[in-house]
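Chains, contacts and geometry: an overview
Letter by letter, the chains look like this.
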Amino acid sequence: MNRFRLVAVVSGAAALAAATLVAPGPAQARVPDGGEPEQYIVQFKAGADRGAALRTLGARFGVVLTDQRELAVGGHVVTASRRTAGLLAALQARGEVESVEPDTRMYALATPNDPNYPQQWDYFEPTGGINVPGAWDLATGTGVTVAVIDTGKTTHPDLNGQWLAGYDFISSSATARDGNGRDANPQDEGDWYSAGECGQTTAETSSWHGTHVAGTIAALANNGVGVAGIAYNAKILPVRVLGKCGGTTSDIADAIVWASGGSVSGVPANPNPAKVINLSLGGSGACGVTTRLAINSAVSRGTTVVVAAGNSNANASGFTPANCPGVVTVAATDRDGNRAFYSNFGTTVEVAAPGGEVRLETEPAGTRSTPQNGILSTLNDGATTPGNPIYYTYMGTSMAAPHVAGVVALMLSKHPSLTPAQVLSALQAHARPIPGTCSGGCGAGLVDAAATVAAV
Ligand SMILES: [Ca+2]
Ligand SMILES: [Ca+2]
Ligand SMILES: [Ca+2]
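Below or above, wherever it landed, is the structure these notes cover. Everything numeric in this text was worked out from a predicted model, so none of it was measured. (Residues numbered from 1 in each chain as written. Chains lettered and ligands numbered in written order. Predicted model: local features only at pLDDT ≥ 70, side-chain atom pairs only at ≥ 80, totals over all residues. Heavy atoms only, no water.)

**Topic: the sheet that holds strand β5 (residues 76–80)**
The cut-off we apply is this: By the convention used here, strands pair only if DSSP detects at least 2 bridges between them. Numbering of helices and strands starts at the N terminus; helices are DSSP runs of H or I of at least 4 residues and strands are runs of E of at least 2. Throughout, an axis means a line fitted to C-alpha atoms (over the contacting stretch in the case of helices), and angles, computed between N-to-C directions, take values from 0 to 180 degrees. Between two residues, a contact is recorded if the distance between any of their heavy atoms is within 4.5 Å.
What the 4 strands build is an open sheet, ordered β4-β5-β3-β6; its pairing is antiparallel. Edge positions in the open sheet fall to β4 (65–70) and β6 (97–102), since each of these has one partner strand only. Recorded for the sheet is a direction-independent mean angle of 30 degrees between the axes of neighbouring strands. The sheet contacts of helix α1 (residues 50–61) involve β3 (39–44), β4 and β5, and relative to β4 the element is tilted by about 150 degrees.

This is the structure in structure tokens:
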């Protein structure tokens, strides 16, 4: 049986404090369209009889044109008593007019007020970001359920109300740490282990990996705390498959089927089937028949399956489920838009997204020299069992995949009937070339949230 591990590069989360707070940004404020008359900015030629021009044209169109005021830069604001097709062109054609343009209504850009948002470079920086703010003018994830098949959920103020009921698919009591096999409570009980356990020589604290992944997808925005999720009005279905020492192919396969609305023996039907599944997990080897059938089953129900490429700086073709047919495999990029040093690559990768780097390639695991270049999201500070909610930077293809899952949720909230094939096609068609380098191949390039959402 293949043993899956989470594919974040994580270390010592519990020992570190919450991210630094910074001043809030401008609040989101959309000015309503009051239905006022059509409005133009007209540059008249020097000495032109403006009044005569507007009276003549108004009579021709049966509207009243009024010269409201002159602008500091010389144009005149001209209003029409009602919207009238052809008026702009007719104004332009007048001999008295130098130029004319519609007095376009502008809006406050939908930048959230969350205090840690300025640290989410992965959303908005021109080089390494994926252009999320432009997408928020078009969609925020409303009505979409995203399944996070991972370590389970924790209590966090930036995820309150975002978690749906979910399920715990871990069959082994020792892996689950909740005293039994599968159950209806997907609470993350912690995946810490001692030195010598899980095939590792050194001990590790709990990762709260599923909480971090969920925050990137759908952390609450504009609530005055922490970070913003990409699809902050979507809901998260927590499906627990990873515990102490990872999880099994068999549990993950059942979880994929159930999360997408399929039936699993012994498990109540899922009342909230997910149109998007995030799998920030993997193991080495071929895509086995069990995983293949589970993914086919989800895709056949219209669910898009997003998968981390893996963190071995190797060809993703050697890692499952990254190498499975029908999934969107995501490589990780750094803040400069290069393939992250740990990210897998190759022709099985469909797109790339920020996974960040909290340390340099030359530094040993556990070092954190550049946490500001990692991916900031929701977490917990408990070393073993859950402690307090915090915000923390991780790096990994585990962090890249939920960026894409979040964008897919935005796409589906705008256009709910998109098929998985249409989703992939749009993601790739509107990705941009990797700004830096990606030896080995990063698919169609870095996902562009605004361009992709606008196109669907
Ligand atoms: Ca259990
Ligand atoms: Ca449980
Ligand atoms: Ca927030």
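What follows picks up the thread again.
**What to know about the nonpolar core**
Put simply, the test is: Buried residues of nine kinds, namely Ala, Val, Leu, Ile, Met, Phe, Trp, Tyr and Cys, make up a nonpolar core once their side-chain atoms join them within 4.5 Å. For the exposure calls, accessible area comes from a 1.4 Å probe over protein chains only, and a residue counts as buried if that area is under 20% of its type's maximum, exposed if over 50%, partly exposed in between.
Counting residues in hydrophobic clusters, the biggest one holds 104 residues, and the most contacted among them are Ile 149, Val 404, Met 411 and Leu 427. Those residues in contact with Val 404 that lie beyond four places of it in its chain are Val 306, Val 328, Val 330, Val 351, Ala 353, Leu 427 and Val 447. Of all hydrophobic cores here, the second largest spans 16 residues; its members include Tyr 40, Leu 54, Val 78 and Ala 80.

**Topic: helix α7 (residues 249–259)**
Taking burial as the measure, the 11 residues of α7 include 9 buried ones, the bulk of the element. Along α7, the positions that sit buried rather than exposed are Thr 249, Asp 251, Ile 252, Ala 253, Ala 255, Ile 256, Val 257, Trp 258 and Ala 259. Two residues or fewer after α7 comes Gly 261, characterised by a positive phi angle close to 105 degrees.

**Observations concerning the coordination of the calcium ion (ligand 3)**
The condition that has to hold: Each metal's donors comprise the N, O and S atoms found within 2.8 Å of it (within 3.2 Å for Na, K or Ca). Water is not part of the atom list, so some coordination spheres may appear incomplete.
In the first shell of the calcium ion (ligand 3), the protein supplies Asp 114 (OD), Asp 158 (OD), Asp 158 (OD), Leu 220 (O), Asn 223 (OD1), Val 225 (O) and Val 227 (O), at 2.3 to 2.8 Å from the metal. In primary-sequence terms, the residues that donate to the calcium ion (ligand 3) follow D-x43-D-x61-L-x2-N-x1-V-x1-V. Residue Asp 158 is located in the loop between β7 (145–150) and β8 (167–168), and its partner Val 227 is located in the loop between α6 (209–218) and β9 (235–240); the two are separated by 69 residues in the primary sequence. Each member of the pair Asp 158 and Val 227 is classed as buried.

**So, the coordination of the calcium ion (ligand 2)**
Taken together, Asp 168 (OD), Asp 178 (OD), Asp 183 (OD), Asp 183 (OD) and Asn 185 (O) make up the protein donors of the calcium ion (ligand 2), found 2.3 to 2.7 Å from the metal. Coordination of the calcium ion (ligand 2) draws on donor residues from a single chain, spaced D-x9-D-x4-D-x1-N in sequence. In this structure, the calcium ion (ligand 2) lies 3.6 Å from the calcium ion (ligand 1), and both are coordinated by Asp 178. Using a relative accessible area of 41% as the deciding quantity, one classes Asn 185 as partly exposed.

**Re the state of the cysteines**
Heads up, the condition is: We call a pair of cysteine sulfur atoms a disulfide whenever their separation is within 2.5 Å.
If you walk through the whole model with that rule in mind, you get 3 disulfides. Paired through a disulfide, Cys 287 and Cys 324 show a sulfur-sulfur distance of 2.0 Å. A torsion of 105 degrees about the S-S bond marks the disulfide between Cys 287 and Cys 324 as right-handed. One end of the pair, Cys 287, is in the loop between β12 (281–284) and α8 (289–300); the other, Cys 324, is in the loop between β14 (319–320) and β15 (328–333), and 37 residues separate them in sequence. Comparing Cys 287 with Cys 324 shows no difference in burial state: the two are buried. Note on cysteine connectivity: Cys 438 is disulfide-linked to Cys 442, with sulfurs 2.0 Å apart. Disulfide Cys 438-Cys 442: torsion about the S-S bond near 85 degrees, hence right-handed. Taken individually, Cys 438 and Cys 442 each receive the classification buried, so the pair is uniform in this respect. In the chain, the bonded cysteines, numbered by position in the sequence, are linked as 1-2, 3-4, 5-6.

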